[in-house]
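Coordinate analysis (summary)
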Amino acid sequence: MSLPPFEYLAPTTTADLAGLLATHRDKCRVLAGGTDLVNWMAEKIYRPDYVIDLRKLPLSGIRYEPGRGLTIGAATTIEAIERSPEIRRFYLALAQAAGQIGSPQIRAMATIGGNCCNASPCADMPPPLVTLEARVVLTSTRGSRELAIEEFITGNRQTAIQPDEFLECVRVPDPWPHSACRYSPFGLRAAQEIDIASVAVNVAVDPATGAVSKARIAMGAVAPFAMRAPQAEAQLVGKKPTSDVIDEIAIQCGRECRPIDDLRASASYRRHIVGVLARRMLRDAVAAIA
Ligand SMILES: Cc1cc2nc3c(=O)[nH]c(=O)nc-3n(C[C@H](O)[C@H](O)[C@H](O)COP(=O)(O)OP(=O)(O)OC[C@H]3O[C@@H](n4cnc5c(N)ncnc54)[C@H](O)[C@@H]3O)c2cc1C
C-alpha cells in the first residue's frame, strides 16, 4: 500500500510547530511515532497535504519532582515510559500499561501523545492516566491550555484538540499518600492483541483506620473511552478493603461498564472480564499499600 503524496515538514522549535499548525490546520497531520498515522495514510483514511514530524522537537522526556508530580513530554516513547525507574516506582500502572502495548518494535516508536490523540477505546494508556488524575497540555499560537484527560478524550477516536493545537505534555500529580495504582488488560493473545477489556485502579488507604480514603477505577475497551466506575469508587471509599468488599466492588465495576458485542467478545463476557480484572487489580494495589 503506497502513501498518498504529502509535503514533509520537520520544525525544530515548538513556536515553529505552532505556526505551521496555525497555517495549515485541517490540511496537516502531526507525525509522532507514526504507528497509527502511517497505517491510516496507507489505507487512505487520511490524505494530509502536510505531515509535520515532531521528532526534531524538544517534546520527549520524563521528569518527576516530588511535590510537583510527573511530566511526560508528548513525544516520549512508550518504551521509555515502560522502563522509567521513576514511573515504575511511583506510577506503576503507567509502566504496566506501556509494557502491554504492541511489541518491542511498536513500543520503541509509539508515543504517549499518539496514544492519547488516537483516542481508541482500546488504547492502553488512558485508563491508568484517568485513575492518576492526569492532565494534558495543549499548545497553539494562542497559548497553552490544560485539560483533564477525561475532558480531552471525548469519544471513540474523538478528542477536544483543535486543528491548530498540539499536545505538548501529560502531567500527573504526585501520588496520593499511602496509595498504589495497578493496570491490567485482557486480550485473546499474549502480544499484538486488541484488548477485550482493561482495568486500572488507584487506591489510597488511611493508615490510622485501615479504610480506603480515595479510589479511582477506570475501565478500557468497554465504552467509547476509558470510563470511570463512580458507584464502585464511592462504595469502596470509607470501607476496609477486605476480600469480601473487593469482590463486591469488582461485581459493581462489571455492572457499570458499557460494553458492546463485537467479533472479539460479547458484552456479557466483557462485563465478566472487567469484574475479574477489577478484583485482581484491587487486591494487588491493596497488598502493595499494606
Ligand atoms: C501492530 C500494532 C500494535 C498496536 N498495539 C497497541 C496496543 O497494544 N495498545 C495500544 O494502546 N495501542 C496499540 N497500537 C496503536 C499505536 O501504536 C498507539 O496508539 C501509539 O501510542 C500511537 O503513537 P504514535 O506516536 O505512533 O502516534 P502517530 O501514529 O504518530 O499519531 C497518532 C495520531 O495522533 C496524532 N498525534 C500524535 N502526537 C500528537 C501530538 N503531540 N499532538 C497532536 N497530535 C498528535 C497524529 O496526528 C495522529 O492523528 C498498535 C499499533 C500497531 C500498528
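Computed from a predicted model, the values in this text were never measured in an experiment. (Residues numbered from 1 in each chain as written. Predicted model: local features only at pLDDT ≥ 70, side-chain atom pairs only at ≥ 80, totals over all residues. Heavy atoms only, no water.)

Helices and strands together make up the secondary structure of the protein, namely 12 helices and 14 strands. Taking 2.2 N^0.38 as the reference for a compact globule, 290 residues should give roughly 19 Å; the C-alpha atoms of the protein span a radius of gyration of 19 Å, in line with that estimate. On the principal axes, the C-alpha backbone points of the protein span a range of 60 × 45 × 30 Å. Here the protein, with 290 residues, has 51% of them falling under the buried criterion. Put simply, the protein shows about 13,300 Å² of open surface, and 51% of that area lies on carbon and sulfur atoms. Taking the average place of the 33 positive charges on the side chains of the protein and the average place of its 31 negative ones, the gap between the two points comes to 1 Å. (Helix = DSSP H or I, 4+ residues; strand = E, 2+ residues; numbered from the N terminus. Rg over C-alpha atoms; globule rule 2.2 N^0.38 Å. Buried < 20%, exposed > 50% of the residue type's maximum accessible area, 1.4 Å probe, protein only. Areas by Shrake-Rupley, 256 points an atom, 1.4 Å probe, with all protein chains shown as cover. Lys, Arg positive; Asp, Glu negative; His and termini not counted. Charge placed at Lys NZ, Arg CZ, Asp CG, Glu CD.)

Here the focus is the domain arrangement of the protein. For the protein, the assigned domains read domain 1 (7-53), domain 2 (62-172) and domain 3 (180-289). Computed from C-alpha coordinates alone, the two centres of domain 1 and domain 3 are separated by 36 Å. (Domains from an automatic or database assignment.)

Next up on the list: a nonpolar patch on the surface. A contiguous nonpolar surface patch, about 340 Å² in accessible area, is contributed by Leu-3, Phe-6, Tyr-8 and Val-38. Here Phe-6 lies in the segment before β1 (7-9). Overall, Phe-6 belongs to the partly exposed group, its relative accessible area being 34%. (Patch = residues over 30% accessible without salt bridge, like charges linked within 9 Å, V, L, I, M, F, W, Y side chains within 5 Å. Salt bridge = Lys/Arg side-chain N within 4 Å of Asp/Glu carboxyl O.)

Turning next to the sheet that holds β1. With parallel pairing, 3 strands are arranged side by side in an open sheet as β1-β3-β2. At either margin of the open sheet sits one strand with a lone partner, and together these are β1 and β2 (28-31). For this sheet, the mean inter-axis angle between neighbouring strands, taken without regard to orientation, is 25 degrees. Pairing between β2 and strand β3 (residues 50-53): 4 bridges, direction parallel. Bridge pairing in β3 links Cys-28 to Tyr-50. Packed on one face of the sheet, helix α1 (residues 14-24) meets β1, β2 and β3 and runs near 165 degrees to β3. (Pairing = 2+ DSSP bridges. Axes fitted to C-alpha atoms, helices over the stretch in contact; angles between N-to-C directions. Contact = heavy atoms within 4.5 Å.)

Now for the side chain of Asp-195. Of note, Asp-195 is situated in the loop between β11 (179-186) and β12 (197-205). No salt bridge is formed by the buried Asp-195; its nearest oppositely charged neighbour, Arg-264, is found at 7.9 Å. Aside from chain neighbours lying at most four places away, what touches Asp-195 is Cys-122, Asp-124, Tyr-183, Pro-185, Phe-186, Ala-221 and Arg-264.

With that out of the way, let us pick up the site of the ligand. Neighbouring the ligand are 31 residues, the closest being Val-30, Thr-35, Leu-37, Thr-111 and Asp-124. One nitrogen or oxygen atom from the side chain of Arg-29 is found 3.1 Å from an oxygen atom belonging to the ligand. Burial of the ligand by the surrounding chains reaches 87%, relative to a free accessible area of 990 Å². At the level of secondary structure, the elements contributing two or more residues to the shell around the ligand comprise β2, α2 (37-42), α7 (112-118) and β10 (166-172). (Near = heavy atom within 4 Å. Polar contact = N/O pair within 3.5 Å; in protein donor to acceptor, adjacent residues only side chain to side chain.)

Where helix α11 (residues 243-256) contacts helix α12 (residues 267-289), the axes come no closer than 8 Å and their chain directions differ by 145 degrees. The two elements α11 and α12 meet at a crossing, and its hand is right-handed. Contact residues: α11 offers Ser-243, Ile-246, Asp-247, Ile-249, Ala-250, Cys-253, Gly-254 and Arg-255, while α12 offers Arg-271, Val-274, Gly-275, Ala-278, Arg-279, Leu-282, Arg-283 and Val-286. Partitioning the contact of α11 with α12 into residue classes produces 8 nonpolar, 3 polar and 5 charged. (Left-handed = near helix turned anticlockwise from the far one by under 90°. Nonpolar A, V, L, I, M, F, W, Y, C, P; charged D, E, K, R; others polar.)

Our next topic: the pattern of salt bridges. Tallying each qualifying case throughout the model produces 18 salt bridges. A salt bridge links Arg-55 to Asp-53; the shortest N-O distance between them is 3.1 Å. Accessibility expressed as a relative area gives 52% for Arg-55, which makes it exposed. Several salt bridges converge on common partners, so that one network encompasses Glu-133, Glu-150, Arg-216, Arg-228 and Glu-233.

With that settled, consider the packing of aromatic side chains. As enumerated under the stated definition, the model contains 4 aromatic pairs in all. Between Phe-186 and Tyr-269, the aromatic rings sit 6.5 Å apart at their centres with planes inclined by 70 degrees, giving edge-to-face as the arrangement. With Phe-186 in strand β11 and Tyr-269 in helix α12, this pair connects stretches of sequence that are 83 residues apart. Residue Tyr-269 is classed as partly exposed on the basis of its relative accessible area, which comes to 34%. One aromatic cluster is present, built from ring pairs that chain together Tyr-64, Phe-90 and Tyr-91. (Phe/Tyr/Trp six-rings, centres within 6.5 Å; stacked < 30°, edge-to-face > 60°.)

A few words on the sheet that holds β11. Taken in spatial order, the 4 strands make up an open sheet running β11-β12-β13-β14, and their pairing is antiparallel. For this open sheet the edge positions go to β11 and β14 (227-228), each flanked by a neighbour on one side alone. Two elements, strand β13 (residues 212-220) and β14, share 2 bridges in a ladder whose sense is antiparallel. Across the sheet, the residue bridging to Met-219 is Met-227, located in β14. Along the sheet, α11 makes contact with β13 and β14, crossing β13 at roughly 40 degrees.

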